[in-house]
Amino acid sequence: MIPFNRPAVTGKETTYIQEVVASRRLCGDGPFTKRCSEWLENYSQTRKALITTSCTHALEMTAILADIQPGDEVIMPSFTFVSTANAFVLRGAKIVFVDIRPDTLNLDETLIESAITPRTKAIVPVHYAGVSCEMDAIMDLANRYELKVIEDAAQCLMSTYKERPLGSIGHMGCFSFHETKNYNCGEGGALLLNETRFAGRAEIVREKGTNRSRFFRGQVDKYTWVDVGSSYLPSEMNAAYLMAQFDHADAINSDRLASWNRYYEGLRGLEEKGRITLPSIPNHCKHNSHLFYIKTRDLEERTDLLLYLKEKGISAAFHYVPLHSSPAGVSFGSFQGEDRFTTRESERLVRLPLYYQLRKDEADQVIDSIYSYYESN
Ligand SMILES: *Cc1c(COP(=O)(O)O)cnc(C)c1O
């Protein structure tokens, strides 16, 4: 059986975790947490990076930092993971879903302006599959209407837009290190902050609403409750695991890219025959091979192909059910304008197995099976 995903292991994880165990200091914000945040700050050139317990939690922090109040509106695609919306719903916001582009499956930047109202507070671009949204257009709108841009860059470590790392372009950006992502520690995430004015408050929100971080730096002589907050900092064990992945970031990235390219080249013939659609990467975007997907003719063909691949021992998967059609999406949000592509494109999508050290013969078996499906159908 070829699995859909296999979390990367680089070899150094256990060594680093043993160091933590030996140090007898397991709670958050120890030496490995510091190394992870410095690595991220250096990589992204943002003012501040904070590692968190998940991307979901990083998004929740952004909703607090952006001061989202009940009744405020937040614009995002419906084709995304539930956490993108939940983080803002928890603060009482109304979610305004905007249609996606059929090529990248990202928020259609030309439709955002018509969704802006006096209650709009933020735009949340989701960079699907590690491929960037049109950030220049989005930042321009945000500046004109004084909105916050919070990038859901969960899938995007090592991806860029016009040479700039994703997650570092908006006011805030969120990464995920869940085991299904390219770089992982089981459960984990990070928050990138582009403006120093959010950094102080972010530390407080992440430390249960206290100024504990300042206390540990010796900037206050006792720590107290100063703001709202929760516990968003991961254990040193997770940070140690994550650091082993960061140390290997380039190797993981180039290995995944090779598999992605193998799929792309291998399946081109079927796209040329008009049987499937392959992913489209704009020239100014460099992606991190987070996902490889193909698009079938329609839902019926997709169901059939997924079953066929399963019988061949290949675990392929569809992806998001659009949020606006889910029970919570209906009560917490509404779709602005026409759903031309969100539902249609999501129903055609098939994600192929892709992970660090996917073997060439495994990728070829997937490619051959897809060809044999289309030969007999
Ligand atoms: C994975 C993912 C998340 C959630 O990440 P967690 O770390 O599991 O909380 C949020 N948004 C998108 C787009 C994702 O792919």
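Residues numbered from 1 in each chain as written. Predicted model: local features only at pLDDT ≥ 70, side-chain atom pairs only at ≥ 80, totals over all residues. Heavy atoms only, no water.

- In the nomenclature of an unreviewed UniProt entry, the protein chain is known as dTDP-4-amino-4,6-dideoxygalactose transaminase of Cohnella endophytica.
- In its Sequence similarities (unreviewed entry) section, UniProt records this for the protein chain: "Belongs to the DegT/DnrJ/EryC1 family." (UniProt positions renumbered as here; feature names shortened; annotations may be inferred.)

**Observations regarding the overall build of the protein chain**
Step number 1: A tally of helices and strands in the protein chain yields 13 helices and 13 strands.
Step number 2: Counting all 377 residues of the protein chain, 56% fall into the buried class.
Step number 3: Summarising the internal contacts of the protein chain: among those between residues at least 6 apart in sequence, 71% fall at separations of at least 24.
Step number 4: As displayed, the protein chain offers around 16100 Å² of accessible surface, 50% of which is attributable to carbon and sulfur atoms.
Step number 5: Computing the positive centroid from 43 side-chain charges and the negative centroid from 49, the protein chain places the two 4 Å apart. (Helix = DSSP H or I, 4+ residues; strand = E, 2+ residues; numbered from the N terminus. Buried < 20%, exposed > 50% of the residue type's maximum accessible area, 1.4 Å probe, protein only. Contact = heavy atoms within 4.5 Å. Areas by Shrake-Rupley, 256 points an atom, 1.4 Å probe, with all protein chains shown as cover. Lys, Arg positive; Asp, Glu negative; His and termini not counted. Charge placed at Lys NZ, Arg CZ, Asp CG, Glu CD.)

**Some points on the packing of aromatic side chains**
Step number 1: Across all of its chains, the model carries 16 aromatic pairs by this definition.
Step number 2: Judged by centre distance (5.1 Å) and plane angle (40°), the ring pair of Tyr16 and Phe32 falls under tilted. Of this pair, Tyr16 sits in helix H1 (residues 13-23) while Phe32 sits in helix H2 (residues 31-44), and the two are 16 residues apart along the sequence.
Step number 3: Both rings, one in Tyr128 and one in Tyr293, keep their centres 6.0 Å apart while their planes meet at 45°; by these two values the pair is tilted. Of this pair, Tyr128 sits in the loop between strand S4 (120-123) and helix H5 (135-145) while Tyr293 sits in strand S11 (residues 293-295), and the two are 165 residues apart along the sequence.
Step number 4: Given a relative accessible area of 1%, Tyr128 falls into the buried group.
Step number 5: The rings of Trp39, Tyr43, Phe175, Phe177 and Phe246 are connected pair by pair, giving a single aromatic cluster.
Step number 6: Taking the ring centre of Tyr16 as reference, the NZ or CZ of Arg35 above it sits at 5.1 Å. (Phe/Tyr/Trp six-rings, centres within 6.5 Å; stacked < 30°, edge-to-face > 60°. Lys NZ or Arg CZ within 6 Å of the ring centre and 35° of its normal.)

**Section: the site of the ligand**
Step number 1: As a structural note, the neighbourhood of the ligand is formed by 14 residues, with Cys55, Thr56, Asp152, Ser176 and Lys181 the closest of them.
Step number 2: Between the ligand and Thr56, the relevant distance is 2.4 Å, taken from an oxygen atom to a side-chain nitrogen or oxygen of the residue.
Step number 3: With respect to the ligand, the side chain of Tyr320 contributes an N or O atom lying 3.5 Å from an oxygen atom.
Step number 4: The residue makeup of the shell around the ligand, split by class, is five nonpolar, seven polar and two charged. (Near = heavy atom within 4 Å. Polar contact = N/O pair within 3.5 Å; in protein donor to acceptor, adjacent residues only side chain to side chain. Nonpolar A, V, L, I, M, F, W, Y, C, P; charged D, E, K, R; others polar.)

**Thoughts on the UniProt feature "modified residue: N6-(pyridoxal phosphate)lysine" (unreviewed entry) in the protein chain**
Step number 1: The sites that UniProt annotates as "modified residue: N6-(pyridoxal phosphate)lysine" (unreviewed entry) are Lys181.
Step number 2: Along the chain, Lys181 turns up in the loop between strand S8 (172-176) and strand S9 (189-193).
Step number 3: Taking relative accessible area as the criterion, Lys181 reaches 17% and is therefore assigned buried.
Step number 4: Setting aside residues up to four positions removed in sequence, Lys181 forms contacts with Ala154, Gln155, Ser176 and His290.

**Thoughts on the pattern of salt bridges**
Step number 1: Within this structure, the stated rule accounts for 26 salt bridges.
Step number 2: Here Asp72 makes a salt bridge to Arg119, at a shortest N to O gap of 3.6 Å. You can see Asp72 sitting in the loop between helix H3 (55-65) and strand S2 (73-77) and its partner Arg119 sitting in the loop between strand S3 (94-98) and S4, a full 47 residues away along the chain.
Step number 3: Connected via shared salt-bridge partners are Lys295, Arg344, Glu345 and Arg348. (Salt bridge = Lys/Arg side-chain N within 4 Å of Asp/Glu carboxyl O.)

**Remarks on unusual backbone geometry**
Step number 1: The backbone of Glu163 sits at a positive phi, close to 75°, despite the residue not being glycine.
Step number 2: Positionally, Glu163 belongs in the loop between strand S6 (160-161) and strand S7 (164-165).
Step number 3: A positive phi is found at Ser289, a non-glycine position, where the angle reads about 55°.
Step number 4: The topology assignment puts Ser289 in the loop between strand S10 (285-286) and S11.

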